[in-house]
Amino acid sequence: MRALRAVARRIGAGLLVLWVAATAAYLALLAAPGDTVDNIIGDGADTPDIRAEIIAQWGLDRPAVVQYVDYLVRLVNGDLGRSYLLQRPVSDVIGEQLLPTLALAVAAAGLGVLLALVIAVATAGNRRPWLRRLSSGTELLLVSTPSFLIGLLLLSVLSFRFRFFPVSGDQGAGALVLPAVTLALPIAGLLAQVLRDGLDRAIDQPFVLTARSRGVRERGVLLRHALRHALLPAVSLAGWVFGIVIGGTVIVEQVFGRPGLGQVILSAVANQDMPVVLAVVTLSAAGYVVVNTAADLAYLLVDPRLRRS
Amino acid sequence: MPANRLRTLAAAALAPLLAVAAGCANAAGPAGEAAGQPRSGGSLTWAVETEPITLNPHQYAQAKARLLVWNTFESLLTYDKQGKLVPWLATGWQTAPDGLSYTLTLRDGVTFSDGTPLDAAAVRANIDKLREPGYAPAVAAVQLRNLKAVEVVDPRTVRLTLTTPDVLILDFLASPQGAQVSPKSLRAAKNLKAGGVDVAGTGPFVLDRYVPGQELHYRRNPGYDWAPPTATHTGPAYLDEITYRFLKESAVRVGALTSSQVQLVEGVPATDQPLVTGNASLRLSRELNSGSAYSYYFNSSHAPFDDLRVRQAFREAVDVDTVLRSVYRDTATRAWSVISPSSPLYDKSLEGGYGGDAGEANTLLDQAGWTARDADGFRVKDGRRLTVRLVQSAPFVRDRRDVLAQAVQAAVKQSAGIDLKVSLVDQGTANEAFARNEYEVFDNSRADTDAGAALNLLLHSKGGINRARVNDPRIDQLLQTGQATGDPAKRAGIYAELQQRVVAEQALVLPLYAPADQIAASTSVGGVRFEPTAGVPASAYDLWIGK
């Protein structure tokens, strides 16, 4: 019963977050300079006749509050509306771009976490100071390099020069490698630093001494004992990773000519294509809710102490 | 926008690296048509910069999408190299002596790719659809403004009657918006305004796959046999298939070309051109666009540009050649008029008539009362600095026009003490500045095939993009006469007078450069060409792959 109530509270909070996100985005677009009619007209001809038709077509003469409530009602019914710019249902626009972005995001996040784990475990403690210095220098470089540059560098060497990978598009696993690596490198850089820091601190703990005194080998100490401790702060970065991945797709998809939500977001924001922006914001908020819930569950998995309380 | 600056930096940092990656450069000899004789078959991949917002030609608004439109859709008329209208899906047209009606005869045996025949009823269905409320408001309000009725005389003859003489109706019939869409698609397509595989046309290719964000794929229309006289062959297209891949970054497009992952690219900026010209297996071609030149329009509705002398001074303060060279090296063609030099309406006599005289600029500003200077070296009058604002809407900035603006900014400051404030903003902010009349400079170029159509929007007091806020009865009258005059020589005379008025006498604009398109292609590809008059890359109809 208690578990059920906890789940219900979780879902309720999630819905609240979605509503707040959608409303905030709506208000932000409303407050942004320029009106919707101007944005639909773009740099084309602008005459009173044209304006009148656009206003009639999209119902823009209704008060903002009415449009907002209408939007919410339709959202609840699963209708995301039509894109001003693309003249298609938003659910189509987003639906067809969701999978490529999801594939990229999962591959990048997975690769990033894996790389971070390997690097952190390999360089924690004071066993190989030169390796540690090299790796933390590289991490800093990766975290501070824009992914645009990483992507172009990877492309020019691995695709243009040596032709290991195709330059663009969603053409099977080969085309996923470079974009995923581009996105994964900064994630790996930061996560590795957090993880190593955690490992370093765990190694100084008395329980590590105990484990060592029992004759557990160094690798066992790191992987079985210290890593669990180090993972906690890393897990709390899951939301950050999600944000990096979603934000990164905007640039990576542009550089690699990959289909995906990133391109949709970019053109929708640039053109203030309200229905698409709102849908993307709501969807991202839903993503955050899911990722953070998963992170909370992961705490329980990683730390048995939390399960008891 | 920081992202933009970032991109410029990254491009600069990467140029040498890419040059290495592109492989050893060869001394390029004249390439000629290295692809040999035309032959049928094969497939090509073409990397394009812009993913079209819509695939429905009636909704066309991006010059960069024009090469895609003509693969699947065709118009009743088209332009030849000299800017003369020639028949396409129509076999000819007759103008009534009073200029109030046009009778078109249609070609026999033309069918849409869904099997529907093209007849007078289909043409009428297209125009009716364009005039339907909410479907294509910009076309209905501008291009079809003077259209009274469409009449099906017989299955092969259609007559358009006008409310007032308007030669631009012929330009409409040659434009993408005037392209013929199957009436069946007009009734039944799922997302008609967005277009897609279910919107059928009469063109040499059929769109069979669209992956948004990635590519468009076309296959040959085997029954095609109605090529326009401007094409270099007849019958079906040479290629079996063609794929257009969207690669927005020019460095990536050129890299994909040098590594043979694509065979053609369009949009090659000055910084990337050496990679193409230095490679013997690639060829670069470029062509000037039609329409209006890229110009700065001076907002003459308020100070300081309500004073002719200040407008003239701004123009004299910019050494356009130097500015263009610093931004585009030697790849840009200077414009002298508001009309592109490739247009038959261009007035050549304006060349060399003004500009680049800093001494003159300073004299003019002194005369206009901007005599004092403030601590930053800018001119001042009545305690106010000589500041003019240029607002650029980021989504529409291309050809590094933001960088060009910085070069102009430096030039006018240095030579005349004018403070040009450039802001690169989102579209909403730009629109707001325009609506509130809080700008002094407006930048624009339009790729209309008939420059008159562009000028109607830009310079007429009631024009849809009259951001210069021109309100000159003489200019209005010239524009209206030009639109109503069918005789080409007379028409050119009217537009020459107009250009003299706008550019020479009133100094309402500072023409900067004539926009151009570039195609870089592998030498194994034959038939690479530009659309006559429009000056944008042509459709894939004449392309072939050499042995």
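One numbering rule holds for all chains: residues counted from 1, following each sequence as written. Written order decides the labels, with chains lettered from A and ligands numbered from 1. Only residues with pLDDT of at least 70 are given local features in this predicted model, and only at 80 or more are side-chain atom pairs given and counted; all residues enter the totals for whole chains, interfaces and linings. Each side-chain value is worked out from all heavy atoms of the structure, with water and hydrogens disregarded.

A.B. asks: Tell me about empty space enclosed by the protein, and please be specific about residues and values.
C.D. replies: One simple way to see leftover space: roll a probe sized like a water molecule over the atoms. Residues and elements named next belong to chain B. Here a cavity denotes a set of grid points, spaced 1 Å apart and computed over the protein atoms alone, in which a 1.4 Å probe fits but from which it cannot get out, and a pocket denotes an open set meeting protein on both sides within 12 Å along at least five of seven lines; residues with an atom within 4 Å of a point are reported as lining. Grid points are joined across faces, edges and corners, and a volume is the space filled by probe spheres set on the points. One pass over the full model with this rule turns up four cavities of 30 Å³ or more. When its volume is computed, the largest cavity comes out at roughly 200 Å³. Along the wall of the largest cavity there are 17 residues; nearest its centre are Trp70, Trp88, Pro228, Arg529 and Ser539. Class assignment of the residues belonging to the lining of the largest cavity gives a composition of 10 nonpolar, three polar and four charged. Gly counts as polar in this scheme, as do all residues outside two lists: the nonpolar Ala, Val, Leu, Ile, Met, Phe, Trp, Tyr, Cys and Pro, and the charged Asp, Glu, Lys and Arg.

A.B. asks: Now, about the domain arrangement of chain A: what can you tell me, with residues and values included?
C.D. replies: All names here are of chain A. On domain assignment, one finds that chain A holds domain 1 (34–79) and domain 2 (91–308). Throughout, a contact is declared for two residues whenever any of their heavy atoms are within 4.5 Å. With four residues of domain 1 at the contact, the number on the domain 2 side is five residues. Summed over both partners, the accessible area lost on bringing two parts together, with a 1.4 Å probe, is the buried area. Summing both sides of the interface, domain 1 and domain 2 together bury roughly 380 Å²; the carbon and sulfur share of this comes to 54%. One side-chain nitrogen of Lys or Arg within 4 Å of one carboxyl oxygen of Asp or Glu is enough to make a salt bridge. Inspection of the region where domain 1 meets domain 2 yields zero salt bridges. Throughout this description, a polar contact denotes any pair of N or O atoms lying within 3.5 Å of each other; where both atoms belong to protein, one of them has to be capable of donating a hydrogen while the other can accept it, and for residues adjacent in sequence the pair is counted only when both atoms sit in side chains. Where domain 1 touches domain 2, the interface holds zero residue pairs in polar contact (both at pLDDT 80 or more). Across the side of domain 1 that touches domain 2, the residue classes tally to two nonpolar, two polar and no charged. Per the annotation, domain bounds derive from an automatic or database assignment of domains.

A.B. asks: Which residues make up the interface of chain B and chain A, and what values do they have?
C.D. replies: Opposite the 49 residues of chain B that make contact, chain A presents 52 residues. The contact between chain B and chain A buries some 4,200 Å² in all, and 59% of this surface belongs to carbon and sulfur atoms. At the junction of chain B with chain A, the criterion picks out one salt bridge. The interface formed by chain B and chain A contains six residue pairs in polar contact (both at pLDDT 80 or more). Of all the elements in the fold, those that place two or more residues in the side of chain B that touches chain A are helix 1 (2–21), helix 4 (137–143), strand 10 (241–246), helix 7 (250–258) and helix 13 (427–435) of chain B. Secondary structure follows DSSP: runs of H or I at least 4 residues long count as helices, runs of E at least 2 residues long count as strands, and numbering of each begins at the N terminus. Broken down by element, the residue count for the side of chain B that touches chain A peaks at eight residues, all from helix 1 of chain B.

A.B. asks: Can you tell me about the pattern of salt bridges, naming the residues and giving the values?
C.D. replies: All names here are of chain B. Using the criterion set out here, one finds 41 salt bridges over all chains in the structure. For glutamate 531, the salt bridge goes to arginine 66, with nearest N and O atoms at 2.9 Å. Here glutamate 531 is found in the loop between strand 23 (525–526) and strand 24 (544–545), whereas its partner arginine 66 is found in helix 2 (residues 66–72), with 465 residues between them in sequence. In this structure, glutamate 531 and arginine 66 share a single accessibility class: buried. Relative accessibility under 20% of the residue-type maximum defines a buried residue, over 50% an exposed one, and the middle range a partly exposed one, all with a 1.4 Å probe and only protein chains included.

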